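# Descriptive structure summary
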Amino acid sequence: MSMHRRVSTLVALVLASVSAAPAFAQGTVVLPIADAKARQAVEREIAQAAAKGLPTQPLVSKAMEGVTKQATGEQIQVAVASKAKRLEQARALLAPSPSVAELTSGADALDVGVPASMLKQIRAAWPATQSVAMPLDVLTELVARGIPAKLALVQITNLMARGATPSQIAALGSSVQADIASGLPPDAALEVRARGVMSLLPSPAAAASLAPTRTGPPR
Amino acid sequence: MRRRAALGGLLVSAAAQVAAAQSLPELRLDVGYAGVRQQALGPSDPEQATDAALIALFWRRPAERWEFLTSANLTYTRDSLAAAQGVAAFAFPWLGSEHLRTDVGAAGATFSLRSAGRGGNGNVFARQHYVRDQWGTWLGAASAISSRDGTRSRAFAGDLGAWTRWRFLYGSASYSRSSSTDRPLLITSGATVSPFAIGYEIEDAQLVLEARNGPHQIGVSWVTRRLVAGGDLSERALLASVSVQMTDRVSVLLGAGKQLFDPLRGLPSADLVTAALRVSLGPKTLPVMQRSALSQATVTRLAGGGGRLEVRVLASDTVHVEVAGDFSDWKPLPLEREGSFWVARAELPRGKYHVGVRLRQGSWRAPRNLARVRDDYGGDSGLVVIP
């Protein structure tokens, strides 16, 4: 099989499985949880989330993760309920109108131990029309790498205040990852890389003057 | 003599404290064992080895512009000692300069040592750092007061040094000069002491070399010391240490070698063998562990946005390897054989994804180079952000 064909096959598999997700959420496809009682409880949890206006795809994905990892029905039920609770919490913290991607990112940030107040700080750092999903994702990744949440937040919000693009913020995370892989302590890697990205950005005053023009579709 | 083992135990706790101060988590407990041997002072006082138990607690609180850290150590040997030592320090960068950082702090200890009396020690220190990306220098000074069986002594020290880092290697070289009036300490450390001198002066040259792979670390420290006033002493010491992370909350620390006496802390020389467990107690776990499975995930940015995720696993061609993640709704995907690797690639839109890999239908693991997050199912997943 050629490399191109292999890639195409994988992409097709990925797309097929992702597109199948909403079907689970709508209850048209039964979740493959062996324990019927647990399956019904999970489906009920997902339906309740949908009724509250929460995205159901992350919940279906969490349930499918449990199935793949051969978790018990009870474990899956607890994990899905917990994820729904974090999504709800993220919605309140990222008000007024977080996108699905922002909610998912916010819930994952809470998952790794990012304090709730930091979600608010991230949200406040950019206009409400601009998605903060990427800053939240990078914050989550840095905290998961062992960097103190406060330190990571300071660096990310500094970049946001200086007008960094989501790609530049994402690049911070991947650069830190490369440095850690080469043996640099996580907090030192963040400090060094944030300084590098910062040097490419306008001064805070200039960034402030640019802020009203910064727009972008929420993810 | 067992009494001197107690002094060695204090040395061990001091070393643990320094090691703890160099790593990241906010609340940690070190519990371990030390085998301590101290040199003979003469034919009537032979060299003797003794066991010691040690415990150290470390807490660190980073803030936006400064960092506060504190630690406390307790060392106990079977017959002679309960000793406690604490240190508190601030580290803060200078406003307006990202290359300058200052450490200031204070430490104190209380001890009951048959070989060198009962009493306590207090010291203050300051150290100015100049820090660049891959190298740095420092200049420091410290002052101490010790009380030993009611007799007070003072010590002063200054040091300067430089460090550099290249890939996974870290090295430093430093020079220090110390003066002290703590003559009993010098005597218990085996030096020939001038009967007319009130105090003494020593100079040390130290080289440190460390290799780091994620949270795992191996290091060697070599010191050469000369007594330049107040007596006669010339000695060298080599101390090796290894830190291996077992889980995200537990590490094993091993050390062996010789530690020279410390006039600032009032601690005598000893040969040491130590073994300790480090447990993370706080909400934050230890730094991300490098796992033994040779799997790796990389992201290549695509011109039109999003990126290509590539997962490579080094394993025999007879091994069944699978990759899954939220990008596939956790449906396991097969990997293809490329040389010595199993490889999967997927083009994904911008966002954050969880990734897991498993071999031989075993447990799902995070690719070794990714950040790890708990999965609510007793395991973990790797986290990757597509820019």
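What counts, and at which threshold
- Residues numbered from 1 in each chain as written.
- Chains lettered and ligands numbered in written order.
- Predicted model: local features only at pLDDT ≥ 70, side-chain atom pairs only at ≥ 80, totals over all residues.
- Helix = DSSP H or I, 4+ residues; strand = E, 2+ residues; numbered from the N terminus.
- Buried ≥ 20, exposed ≤ 12 C-beta atoms within 10 Å, placed from the backbone.
- Contact = placed C-beta atoms within 7 Å.
- pLDDT = per-residue confidence, 0-100.
- Axes fitted to C-alpha atoms, helices over the stretch in contact; angles between N-to-C directions.
- Parallel < 35°, antiparallel > 145°, perpendicular 65-115°, else oblique.
- Left-handed = near helix turned anticlockwise from the far one by under 90°.
- Pairing = 2+ DSSP bridges.
- Expected span 1.5 Å × (residues − 1).
- Core = buried A, V, L, I, M, F, W, Y, C linked by C-beta atoms within 7 Å.
- Nonpolar A, V, L, I, M, F, W, Y, C, P; charged D, E, K, R; others polar.

Attention shifts here to the overall build of chain A. Within chain A, the regular secondary structure consists of 11 helices and 0 strands. In chain A, the order of α-helices and β-strands from amino to carboxyl end is α-α-α-α-α-α-α-α-α-α-α. The proportion of buried residues among the 219 residues of chain A is 47%. Look at the contacts in chain A between residues 6 or more apart in sequence, and 66% of them connect residues 24 or more apart.

Moving on to the overall build of chain B. Within chain B, the regular secondary structure consists of 2 helices and 25 strands. Per-residue burial for chain B yields a buried fraction of 40% across its 387 residues. Taking as baseline every contact in chain B between residues at least 6 positions apart, the subset at least 24 positions apart corresponds to 57%.

Bringing the confidence of the model for chain B into the picture now. Residues and elements named next belong to chain B. Confidence along chain B averages 76 in pLDDT terms, with 74% of residues attaining 70 or more. Here residues 1–25 is modelled with pLDDT under 50, and outside its nearest four sequence neighbours on either side it reaches 96 contacts, counting other chains as well. Below a pLDDT of 50 lies the segment residues 286–293, which in the model reaches 30 contacts outside its immediate sequence neighbourhood of four places, other chains included. Confidence metrics for the complex model read pTM 0.48 and ipTM 0.75.

Let us now look at the packing of helix H4 (residues 73–93) of chain A against helix H6 (residues 116–125) of chain A. Residue and element names in this part refer to chain A. For the pair H4 and H6, the least separation of the axes is 9 Å and the interaxial angle reads 45°. The orientation of H4 with respect to H6, classified from their angle, is oblique. In terms of crossing hand, the pair formed by H4 and H6 is right-handed. Facing H4, whose interface residues are Gln89, Ala90 and Leu93, H6 presents Ala116, Leu119 and Lys120.

Residues and elements named next belong to chain B. One ladder, built from 7 bridges, connects strand E14 (residues 234–245) with strand E15 (residues 250–259); its direction is antiparallel. Residue Val244 lies in a different strand from E15, and its bridge partner there is Val252. As paired strands, E15 and strand E16 (residues 270–280) are joined by 10 bridges and run antiparallel to one another. By the bridge assignment for E16, Val250 is matched with Val279.

What follows is about helix H3 (residues 57–68) of chain A. In an α-helix there are 3.6 residues to a turn, and that puts residues three or four apart on one side. Residue and element names in this part refer to chain A. For H3, built from 12 residues, the straight-helix expectation of 16 Å at 1.5 Å per residue is met to within 8% by its first-to-last C-alpha distance of 16 Å. Most of H3 sits inside the fold, with 10 of its 12 residues counted as buried. Of the residues trailing H3, Gln70 is marked for its positive phi of about 55°.

Take the confidence of the model for chain A next. Residue and element names in this part refer to chain A. On average, chain A scores 75 in pLDDT, and the residues at 70 or more come to 65%. In the model, residues 1–28 has pLDDT below 50 throughout and makes 37 contacts with residues more than four positions away in sequence or in other chains. The low-confidence segment residues 204–219 (pLDDT under 50) makes 24 contacts with residues lying over four places distant or belonging to another chain.

The strands that make up a sheet pair up through hydrogen bonds in the backbone, lying either parallel or antiparallel. Residues and elements named next belong to chain B. The strand order across the open sheet formed by 4 strands is E17-E18-E22-E21, and the pairing between neighbours is antiparallel. The sheet terminates laterally at strand E17 (295–301) and strand E21 (336–338), the two strands that pair on one side only. Averaged over all pairs of adjacent strands, the angle between strand axes in this sheet comes to 30°, irrespective of strand direction. The pairing of E21 with strand E22 (residues 341–348) spans 3 bridges and is antiparallel. Looking at the pairing, Glu336 lines up with Val343 of E22.

We now examine the sheet that holds strand E24 (residues 371–374) of chain B. Residue and element names in this part refer to chain B. Read across the sheet, 5 strands follow the order E20-E19-E23-E25-E24 without closing on themselves; strand pairing throughout is antiparallel. Sheet topology places strand E20 (333–334) and E24 at the edges, where each strand pairs with a single neighbour. Where strand E19 (residues 321–325) and strand E23 (residues 351–359) come together, 5 bridges link them in antiparallel fashion. Residue pairing for E23: Gly325 is matched across the bridge by Val355.

Counting residues in each nonpolar core, the largest one holds 77 residues, and the members touching the most others are Ala63(A), Val138(A), Leu139(A), Ala152(A) and Val384(B). The element best represented in this core is helix H7 (residues 133–144) of chain A, accounting for 8 residues. Discounting chain neighbours no more than four positions away, the residues touching Val138(A) are Ile156(A), Ile169(A), Ala170(A), Leu172(A), Gly173(A) and Val385(B).

Here the focus is helix H5 (residues 100–111) of chain A. Residue and element names in this part refer to chain A. In this model H5 runs 16 Å from its N-terminal to its C-terminal C-alpha over 12 residues, within 8% of the 16 Å that 1.5 Å per residue would give. Across the 12 residues of H5, 10 count as buried, placing the element largely inside the fold. Along H5, the residues classified as buried are Ala101, Glu102, Leu103, Thr104, Ser105, Gly106, Ala107, Asp108, Ala109 and Leu110. Taken from the residues just after H5, Gly113 is the one with a positive phi, measuring 105°.

Residue and element names in this part refer to chain B. Mapping Gly305 onto the fold places it in the loop between E17 and strand E18 (307–314). By C-beta crowding, Gly305 is classed as exposed, having 11 other C-beta atoms within 10 Å. Here the alpha-carbon distance between Gly305 and Pro387, two residues 82 residues apart in the chain, equals 7.8 Å.

Residue and element names in this part refer to chain A. Running from N to C, H3 and H4 point in directions that differ by 155°, and their axes come no closer than 9 Å. Relative to H4, the element H3 is oriented roughly antiparallel. In this structure, H3 meets H4 at a crossing whose hand is right-handed. Touching Pro58, Leu59, Lys62, Ala63 and Gly66 of H3 are Gln75, Ile76, Ala79, Val80, Lys83, Ala84 and Leu87, all from H4. Looking at side-chain class alone, the contact of H3 with H4 contains 8 nonpolar, 2 polar and 2 charged residues.

All names here are of chain B. In terms of strand pairing, E17 meets E18 through 7 bridges, oriented antiparallel. The residue of E18 that forms the bridge with Val299 is Leu309. The hairpin formed by E17 and E18 contains 5 residues between the paired strands, and Gly305 there has a positive phi angle of roughly 105°. Bridge analysis of E18 against E22 gives 8 bridges, and the strand direction is antiparallel. Bridge pairing in E22 places Val313 opposite Trp342.

Here we take up unusual backbone geometry. Cis geometry is found at the peptide bond from Ala95(A) to Pro96(A), where omega equals 20°. Position of Pro96(A) among the secondary structure elements: in the loop between H4 and H5. Located in the positive-phi region is Asp329(B), a residue other than glycine, with phi close to 50°. Checked against the element boundaries, Asp329(B) lands in the loop between E19 and E20. Backbone geometry at Trp330(B) places phi at a positive 65°, although glycine is not the residue there. Tracing the sequence through the fold places Trp330(B) in the loop between E19 and E20.

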